[in-house]
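Topology and contacts: notes
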Amino acid sequence: MRITVERSPSSQIAADALVVPVFECVREERFGAAELTDAGEVTGKRLELTLIHHAPGVSAGRVLLAGAGKADKFDAAQLRRLSGAAVRCLMAKSLKKIALLLAPALASTENVSAAVEGAILGEFEPDRYKTGDDKKSVEAFAVVVEEGSPDLEAAADRGRVLGEAQNFTRGLVNEPANRLTPAALVEAARQMAAAYQLDCQVLDRQEMEKLGMGALLGVAQGSAEPPALIVILYKPATTASRAHLGLVGKGVTFDSGGISIKPGDGMEKMKYDMAGAAAVLGAMRAIAQLKPAIPVTAFLPTVENMPGSRAQRPGDIVTAMSGKTIEVINTDAEGRLILADALHYARQRGCTHLVDAATLTGAIVVALGHLNVGLFANDDGMRDRVLAAAKAEGERMWAMPLEDDYKDYLKSAFADLPNVGGRWGGAITAAMFLKEFAGDTPWVHLDIAGTAWLDDSKPFQAKGPSGVPVRTLVRLALDWKE
Ligand code: BES
Ligand code: ZN
Ligand code: ZN
């Protein structure tokens, strides 16, 4: 999708359709909207879409009146959705050139970025493996602003980078597990890193054995697919920063549950158990282009969790790289095992601040549904940084408790830690387990099990992978202050 900012009068925009946001209780007089408003057909309610042919006063073939809701509730997040819904509606009608009109009061840099992101996100369809020839796409998307508006090109470009990074993530998450094995994820990471001049290092099984990553390797041993730990480094041109951000992503390319095998119903969805790793990869892709001042290193442990004849068993005790012993009560609680070694390794590599993203627990879906990412932190400052980044990017996150008293939920008679707690507070005990491996490094854990995949499509977004939390991770790095 070609992205531009146009400064011609709206009457002269050559497009298949011009999208015009209309607000509740604000009477739009132009483009023939007045009559429709008076007839009650156009109300301005959120995401109400009305297509008009041959609208007066425009050269674009059509005008799409797009409901924006109440003006005082309208923000960049709303605009991102409006833009996405408009693109999906027009794309379905095979329209190729789309323009979005932003009134002067709406033409902020944040809004221009969000409009472009929404358009790019809206275009995504998880249909790579459908062979029909009826696939739709959009050629060009223009944000139309008043003549003489300040420089908004950088904002549009930022939106393009972020939108494309999220779609890159969504594409990876959508890949089935027979095609996206740990080795294939390594290849995707290498290609991305090479395309954006990032350094990429890959630890194989032997190297991980030498480092003593028994927790990660225990998960991998039930699969014929070899595991890997992918490390990607972004270094700013000038390194004044004393902080070094580590992003850790769960990369289980398929989670069968292992010997503690999952029920068959819905198991096909467990190809998305690498959504954390894919989000970190997408974030690094954007970071390489937007160049924050802080060094950022990604750590992506990737394995397949299978019940092969060499698989670990419930009751097995493994030794993590940190030296802690873990009793594997349930082989389906594998994410925390691979993250334990990745978090410890990230600290050893010099990261001063850590964020991990992981489809870690079904319990977080019970707690927060599909709307909010569960956020856990061992440090209030780090928690507030991530919450602020998430808010600015319109990715909803909710801070969950992580008090030391929850430690009582994680007791093993035979090892330092069990890999699961009791019946209650499953998302919290999973986070408590990880906390043991983050040590005293300020750290945030994002449980994205409920938010990385949408079971139903939205007007602005196809069903399937969402691309959460790519934008938050990028914003965290860009806005970093010591
Ligand atoms: N990948 C799953 C978490 C998950 C569950 C993601 C449902 C998305 C939807 C994870 O590895 C897992 O299986 N967790 C178990 C933990 C349990 C065994 C303590 C779970 O949540 O059921
Ligand atoms: Zn599992
Ligand atoms: Zn899992």
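A brief structural summary. (Residues numbered from 1 in each chain as written. Chains lettered and ligands numbered in written order. Predicted model: local features only at pLDDT ≥ 70, side-chain atom pairs only at ≥ 80, totals over all residues. Heavy atoms only, no water.)

With that settled, consider the sheet that holds strand β13 (residues 325–327). Taken together, 3 strands build an open sheet; the order of strands is β12-β13-β17 and the sheet is mixed. Only two strands of the sheet have a single partner each, and these edge strands are β12 (317–319) and β17 (417–418). Bridge count for β13 against β17 is 2 bridges, and the pairing is parallel. Bridge pairing in β17 links E327 to P418. (Pairing = 2+ DSSP bridges. Helix = DSSP H or I, 4+ residues; strand = E, 2+ residues; numbered from the N terminus.)

Take the sheet that holds strand β4 (residues 62–67) next. Judged by pairing direction, the sheet is mixed, and its 6 strands sit side by side in the order β1-β6-β5-β2-β4-β3 without closing on themselves. Bordering the open sheet on either side are β1 (2–6) and β3 (49–53), each of which pairs with just one other strand. Averaged over neighbouring strand pairs, the angle between their axes works out to 20° when direction is ignored. Judged from the 5 bridges that link them, β1 and strand β6 (residues 140–144) form a sheet pairing that is parallel. When the bridges of β6 are listed, E6 appears paired with V144. (Axes fitted to C-alpha atoms, helices over the stretch in contact; angles between N-to-C directions.)

Only K250 (NZ), D255 (OD), D273 (OD) and E334 (OE) from the protein coordinate the zinc ion (ligand 3), and they sit 2.0 to 2.4 Å from it. Viewed at the metal, the 6 donor atoms of the zinc ion (ligand 3) are separated by angles of 78 to 173°, and the geometry they form is octahedral. Mapped onto the polypeptide sequence, the residues donating to the zinc ion (ligand 3) form the spacing pattern K-x4-D-x17-D-x60-E. Taken as an interatomic distance, the gap from the zinc ion (ligand 3) to the zinc ion (ligand 2) is 3.2 Å; D255 donates to each of them. A residue pair is termed long-range when its members are at least 10 positions apart, and D255 in strand β10 (residues 251–255) and D273 in the loop between β10 and α8 (275–290) qualify at 18 residues. Here D255 and D273 have matching classes, each one buried. (Donors = N, O, S within 2.8 Å, 3.2 Å for Na, K, Ca; no water. Tetrahedral: all angles 85-135°; square planar, octahedral: opposite > 155°, others 65-115°. Buried < 20%, exposed > 50% of the residue type's maximum accessible area, 1.4 Å probe, protein only.)

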